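Each chain is listed here by its residues.
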Amino acid sequence: MAAPACPSVRSGNLVRRHARQFVRSILISVVLPCLVLSAPAQAQLPNIFAADNPSGSLNSGGANIAYLQNTTGSDVILILDGNTITTKANRLNIFDRSSGTWVQEVIQDQQSQPIATPAPTTTPTPTPTPTPTPTPTPTPTPTPTPDFSLAISPSSVTVPRGGGVATYTVSITTTGGFGSSVNLEVGGLPAGAVGTFNPNPATGSSTLTVTVSSGVSRGTYTLTVTGTGGTPAIQHTATATLVKSQQK
């Protein structure tokens, strides 16, 4: 029997091509399901450590957040990544390392409720002592200046046409301790009339007597009594009326 003929070079290339396609098909069929079915990578969750061992030394494994559950009745000091930390008793202690150093951020009770930080005690502001209002010094009542005043009564006297006497009383009223006597003068007398004071000078009162002759013209005359007294001299006046009647 003749020996089988060896395949040609062309036939060998065809076989190798088919072999490569077969291997590629197998790889795709194996790798593709793995890519499709593999679960997405999970983000690393904060580690939770038990903090019951006072002499414990913990390693966070590179996490930046560490939950440390202390179920004992007292505070526990631990070593976390070579740093000494203190966990509060019966609390979930949360530490943060985002700043580069483990810092205790939150302390929660067993029901995971944040423990309220007590408000700082406010120091009361002392009430300022009121400045006493100075008592004003009363202004002394000024001492009245010594003085006096004059008054004449009656205010008017009538004499008959044939002449007569008109009598007036001049009153002197003093104030402020005035103690001097007062000199009196009368002005405004008609021609033919004469006026005299008794006494003069006077201190309380004086009588003014006006003698009217028959030759005095009939009419009404205003008499002015002037009083001068004191040192320095003080002067005041008072007036009265003298009437010469047309009747006898």
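Residues numbered from 1 in each chain as written. Predicted model: local features only at pLDDT ≥ 70, side-chain atom pairs only at ≥ 80, totals over all residues. Heavy atoms only, no water.

(A) Region of the structure containing the side chain of asparagine 93. Relative to the helices and strands, asparagine 93 resides in strand β6 (residues 91-96). For asparagine 93, a relative accessible area of 0% translates into the label buried. A polar contact is formed between the side chain of asparagine 93 and the backbone oxygen of arginine 91, at a distance of 3.1 Å. Apart from the residues within four sequence positions on either side, asparagine 93 is in contact with Ala66, Tyr67, Leu68, Asn70, Thr87, Lys88, Gln104, Val106 and Ile107. (Helix = DSSP H or I, 4+ residues; strand = E, 2+ residues; numbered from the N terminus. Buried < 20%, exposed > 50% of the residue type's maximum accessible area, 1.4 Å probe, protein only. Polar contact = N/O pair within 3.5 Å; in protein donor to acceptor, adjacent residues only side chain to side chain. Contact = heavy atoms within 4.5 Å.)

(B) Focus on the packing of aromatic side chains. Applying the stated criterion to the full structure yields 1 aromatic pair. With 5.2 Å between their ring centres and 45° between their planes, phenylalanine 148 and phenylalanine 178 make a pair best called tilted. Highlighted residues: phenylalanine 148 in strand β8 (residues 147-153) and phenylalanine 178 in the loop between β10 (164-175) and β11 (183-187), separated in sequence by 30 residues. Judged by relative accessible area, which is 3%, phenylalanine 148 ranks as buried. Phenylalanine 178 gets classed as buried once you look at its relative accessible area, which sits at 9%. (Phe/Tyr/Trp six-rings, centres within 6.5 Å; stacked < 30°, edge-to-face > 60°.)

(C) Here's a closer look at the sheet that holds strand β14 (residues 219-229). In space, the 4 strands of this open sheet follow the order β9-β15-β14-β11, with mixed pairing throughout. With partners counted over all chains shown, the strands left at the sheet margins are β9 (156-159) and β11, one partner each. On average, adjacent strands in this sheet sit at an angle of 25° to one another, irrespective of strand direction. Bridge analysis of β11 against β14 gives 5 bridges, and the strand direction is antiparallel. (Pairing = 2+ DSSP bridges. Axes fitted to C-alpha atoms, helices over the stretch in contact; angles between N-to-C directions.)

(D) Main features of the environment of serine 98. Residue position: serine 98 is located in the loop between β6 and β7 (103-108). For serine 98, a relative accessible area of 58% corresponds to the exposed category. Measuring from C-alpha to C-alpha, the distance between serine 98 and alanine 63 comes to 9.3 Å, with 35 residues separating the pair along the chain. Within polar-contact distance, the side chain of serine 98 engages the side chain of aspartate 96 at 2.8 Å.

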